[in-house]
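Summary of the model geometry
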Amino acid sequence: SIPTELGRSSSIEVIDVGSNALTGTVPSELGAMTQLLVFSASSNAVSGTLPTEIGRWTLLQRLHVRFTSISGTLPTQIGHWTSLARLDVAHCQVSGTLPIELGAITTLSEVYVEGNQLTGAVPALAVRRFCTLIDEERRTNEFACPLPAALSDTCRAALACSDDGDVDVVVRRIVATLVDDSGVSRNATASAAAIGGAVGGVVLGVVVLLACA
């Protein structure tokens, strides 16, 4: 498990314990680590909710807990992370809504939430990357409309409001190498909605990573 004693080391800036077969929870004592810049515990069996005490990580820039068993709602106290650039809680068991406080973090550029059970409105995120997921069994985040105006046009082009008021992913950006008429290779993107139209409307591919530059 993650040692509670780490909370006594207030000068530590990085905790990276990913892929170490850790169990247990994220100790509330870690909230005392007020100089922390990076917390990474991905690919472990860590479970439970994120403690509200971690709101004291006011200098935090990156949180990575993907592929863990972190569950419950994300604490609203993460709105205190005014330097946060990347939030990665993908493939956990997070539920409830995304804290609206995320919309006030102007440094936030990447949000990864795929593989959870999130619902409700998407906060007013002005992010570069927002990743969500539809899997084969439709166990997916079910965000509600309307979409926040702060999302870039690229993001908004890949998300749409369905008839039942939920947000559906309608575009998958597929990077491909093509050769144009001059023989020069270039990168291009294709729409899964367009591809799906050619196969009876079935959307190919399930992961959507929106590059909202």
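A short tour of the structure in this document, coming up. (Residues numbered from 1 in each chain as written. Predicted model: local features only at pLDDT ≥ 70, side-chain atom pairs only at ≥ 80, totals over all residues. Heavy atoms only, no water.)

Within the protein chain, the secondary structure is distributed over two helices and 16 strands. Sorting the 213 residues of the protein chain into buried and exposed places 40% on the buried side. A sequence separation of at least 24 residues applies to 44% of the contacts in the protein chain between residues at least 6 apart. Counting every atom, the protein chain has about 10300 Å² of accessible surface; 51% of that belongs to carbon and sulfur. (Helix = DSSP H or I, 4+ residues; strand = E, 2+ residues; numbered from the N terminus. Buried < 20%, exposed > 50% of the residue type's maximum accessible area, 1.4 Å probe, protein only. Contact = heavy atoms within 4.5 Å. Areas by Shrake-Rupley, 256 points an atom, 1.4 Å probe, with all protein chains shown as cover.)

Take the side chain of Glu 114 next. Within the fold, Glu 114 resides in the loop between strand E8 (110-112) and strand E9 (117-121). You can call Glu 114 buried: its relative accessible area is 5%. Of the polar contacts made by the side chain of Glu 114, one reaches the side chain of Arg 66; its length is 3.3 Å. (Polar contact = N/O pair within 3.5 Å; in protein donor to acceptor, adjacent residues only side chain to side chain.)

Across two bridges, strand E7 (residues 93-96) lies against E9 in parallel orientation. Residue pairing in the sheet places Gly 96 in a bridge with Leu 118 of E9. In the sheet, E9 pairs with strand E11 (residues 142-144) via three bridges, with the strands oriented parallel. If you follow Thr 119 over to E11, its bridge partner there is Glu 142. (Pairing = 2+ DSSP bridges.)

Attention now goes to the packing of aromatic side chains. Tallying each qualifying case throughout the model produces two aromatic pairs. Residues Phe 39 and Trp 57 carry aromatic rings whose centres are separated by 5.2 Å and whose planes lie at 35 degrees to one another, so their mutual orientation is tilted. Here the residue Phe 39 occupies a position in strand E2 (residues 38-40), and Trp 57 occupies one in the loop between strand E3 (47-48) and strand E4 (62-64), the gap between them amounting to 18 residues. You can call Phe 39 buried: its relative accessible area is 0%. (Phe/Tyr/Trp six-rings, centres within 6.5 Å; stacked < 30°, edge-to-face > 60°.)

Read from one edge to the other, the open sheet built from five strands follows the order E3-E5-E7-E9-E11, with strand pairing classed as parallel. A strand with exactly one partner marks an edge of an open sheet, and here the two such strands are E3 and E11.

By the bridge criterion, two bridges tie strand E5 (residues 69-72) to E7 in an arrangement that is parallel. By the bridge assignment, Gly 72 is partnered in E7 with Val 94.

A word on the pattern of salt bridges. All told, the structure shown has four salt bridges when counted by the stated rule. The partner of Asp 88 in a salt bridge is Arg 66, and the shortest N-O contact between them spans 2.7 Å. Here Asp 88, found in strand E6 (residues 86-88), pairs with Arg 66, found in the loop between E4 and E5; they are 22 residues apart in sequence, far enough to count as distant. Considered together, Asp 88 and Arg 66 belong to a single accessibility category, that of buried residues. Between Glu 114 and Arg 66 there is a salt bridge; the shortest N-O distance is 3.3 Å. Here Glu 114, found in the loop between E8 and E9, pairs with Arg 66, found in the loop between E4 and E5; they are 48 residues apart in sequence, far enough to count as distant. Arg 66 carries the same exposure label as Glu 114, and that label is buried. Through salt bridges with shared partners, a single ionic network connects Arg 66, Arg 86, Asp 88, Glu 110 and Glu 114. (Salt bridge = Lys/Arg side-chain N within 4 Å of Asp/Glu carboxyl O.)

Time to look at the nonpolar core. Of all hydrophobic cores here, the largest spans 36 residues; its most connected members are Phe 39, Trp 57 and Leu 63. Once residues within four sequence positions are removed from consideration, Leu 63 is found in contact with Phe 39, Leu 50, Trp 57, Trp 81, Leu 84, Arg 86, Leu 87, Asp 88 and Val 89. (Core = buried A, V, L, I, M, F, W, Y, C linked by side-chain atoms within 4.5 Å.)

Looking at where Ser 42 falls in the secondary structure, it is placed in the loop between E2 and E3. Since its relative accessible area comes to 11%, Ser 42 is described here as buried.

Bear in mind that shape data such as this cannot, by itself, settle questions of function.
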